[in-house]
Amino acid sequence: MTLLALAPGVFYLPGAVNSVVVESGAGGALLIDTGLDDSHARKLLREVAALGLRPAAILNTHSHTDHHGGNAFILKRFPEVPVFAPPLEAAVIRFPVLEPLSLFGALPPREVQTKFLLAPSSPAQGVEPGEQRLGGVDVELLAVPGHAAQMYAVRVGDVLYAADALFGPDALAKHPLTFCVDSAAQKASAAALAGLSGVRPTLPAHGDPAEESAALVAVNLASYERTTAAVREALTAGAATVDELLARVCAALGVTMTNAGAVLLNRAVISAHLSEGLAAGWAQLEVSDHRLLFAQR
């Protein structure tokens, strides 16, 4: 696995999550998203060194563990390197237990304290959207909330790293319930990326670069709307809890869950689309027999 060029001085390391490397021109490099764990981070550092570069800064586009889990390994070797992230996401990166805590709703049990939901802590500091200079590199940080409460896509010249605002077609097919905390914002953020001019290529965090961002956006929007439609259809079978609706949607979309983490993540997706439905008026919330139920309106 080697770094692949996106543009002069801009590279990416393909993997389960793509990492982006941007040369500073002074022997340093901005590392954008460091992967899930030490294994990915070790490969990333090896490839950066092969270019004759050293890490100058880390930018995590959001706080999901597969995007910042490699920070700790890099910081052991380069403790002086600053870490940046959207302000709210930076708080989670500093206190990673907030991720499984928010998904479980209480102190997370051992079964969800895995590397997929609980990364090592790293000292991230908040950075605002807009034009920024990080590690000697000029970037434009674009707010694309929805998949996470705060998330940035990163533009470097003509290259757009969409992070998890967009997914490659294979990733969408593999995971029909694309994770989000705000499905309406997720759709709006994806649509906004289609309107950017002069972007070529667009790299999702999960998938290959796309020369035409509009086509990639269209595929993502269709997938997100398919999830909304599945949730709306699940409501037609009668008022139900989130967990009951999750089971109905999984049956409809052919999703199989085999561990507690997957259930919590997919449960959040259903909740996000239900919140969208409450705001849009096609769902309603009620309390019956000591249960929180959602019904079709």
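Note that the coordinates shown come from a computational prediction; the quantities given were computed from them, not determined experimentally.

Undergrad: When you look at the side chain of Thr-61 in this model, what are you seeing that I'm missing?
TA: Within the fold, Thr-61 resides in the loop between strand S5 (54-59) and helix H2 (65-68). A relative accessible area of 0% places Thr-61 in the buried class. The residues touching Thr-61, leaving out its near neighbours within four places in the chain, are Ile-32, Asp-33, His-67, Pro-86, Gln-150, Met-151, Tyr-152, Val-154, Tyr-161 and Ala-163.

Undergrad: Help me understand helix H7 (residues 183-194), please; the structure alone is not making it clear to me.
TA: Since the α-helix turns once every 3.6 residues, residues separated by three or four places project in the same direction. An ideal rise of 1.5 Å per residue puts 16 Å on 12 residues; H7 measures up with 17 Å between its terminal C-alpha atoms. Listed in full, the buried residues belonging to H7 are Ser-183, Ala-185, Gln-186, Lys-187, Ser-189, Ala-190 and Leu-193. Contacts from the buried residues of H7 go to strand S9 (137-143), strand S10 (152-156), strand S11 (159-163), helix H8 (213-235) and helix H10 (260-280). Looking at where H7 begins, the residue whose side-chain oxygen comes 3.3 Å from the main-chain nitrogen of Ala-184 is Asp-182.

Undergrad: Honestly, the environment of Ala-215 in this entry has me stumped. Any pointers?
TA: Its place among the elements puts Ala-215 in helix H8. With relative accessibility at 45%, the residue Ala-215 sits in the partly exposed group. For Ala-215 and Leu-117, which are 98 residues apart along the polypeptide, the C-alpha to C-alpha distance reads 31 Å.

Undergrad: Help me understand the pairing of strand S13 (residues 283-288) in this model?
TA: When a strand is regular, its side chains alternate between the sheet's two faces. Across six bridges, S13 lies against strand S14 (residues 291-296) in antiparallel orientation. The residue of S14 that forms the bridge with Val-287 is Leu-292. In this antiparallel pair of consecutive strands, S13 and S14, the connection spans two residues, and Asp-289 shows a positive phi of 50 degrees.

Undergrad: What should I look at first to understand the pairing of strand S1 (residues 4-7) in this one?
TA: The pairing of S1 with strand S2 (residues 10-13) spans three bridges and is classified as antiparallel. Opposite Ala-5, over in S2, you have Phe-11 as the bridge partner. Linking S1 back to S2 in an antiparallel pair, the connection comprises two residues, with Gly-9 at a positive phi of about 80 degrees.

Undergrad: How do you make sense of the sheet that holds strand S3 (residues 19-23) when you look at a structure like this?
TA: Where strands meet in a sheet, backbone hydrogen bonds hold them as pairs that are either parallel or antiparallel. Reading across the sheet, the seven strands line up as S1-S2-S3-S4-S5-S6-S7 and stay open at both edges, with mixed pairing between neighbours. Of all the strands in the sheet, just S1 and strand S7 (124-126) have a single pairing partner and so form its edges. In this sheet, neighbouring strand axes are inclined to one another by 30 degrees on average, regardless of whether the strands run parallel or antiparallel.

Calculation rules
- Residues numbered from 1 in each chain as written.
- Predicted model: local features only at pLDDT ≥ 70, side-chain atom pairs only at ≥ 80, totals over all residues.
- Heavy atoms only, no water.
- Helix = DSSP H or I, 4+ residues; strand = E, 2+ residues; numbered from the N terminus.
- Buried < 20%, exposed > 50% of the residue type's maximum accessible area, 1.4 Å probe, protein only.
- Contact = heavy atoms within 4.5 Å.
- Expected span 1.5 Å × (residues − 1).
- Polar contact = N/O pair within 3.5 Å; in protein donor to acceptor, adjacent residues only side chain to side chain.
- Pairing = 2+ DSSP bridges.
- Axes fitted to C-alpha atoms, helices over the stretch in contact; angles between N-to-C directions.

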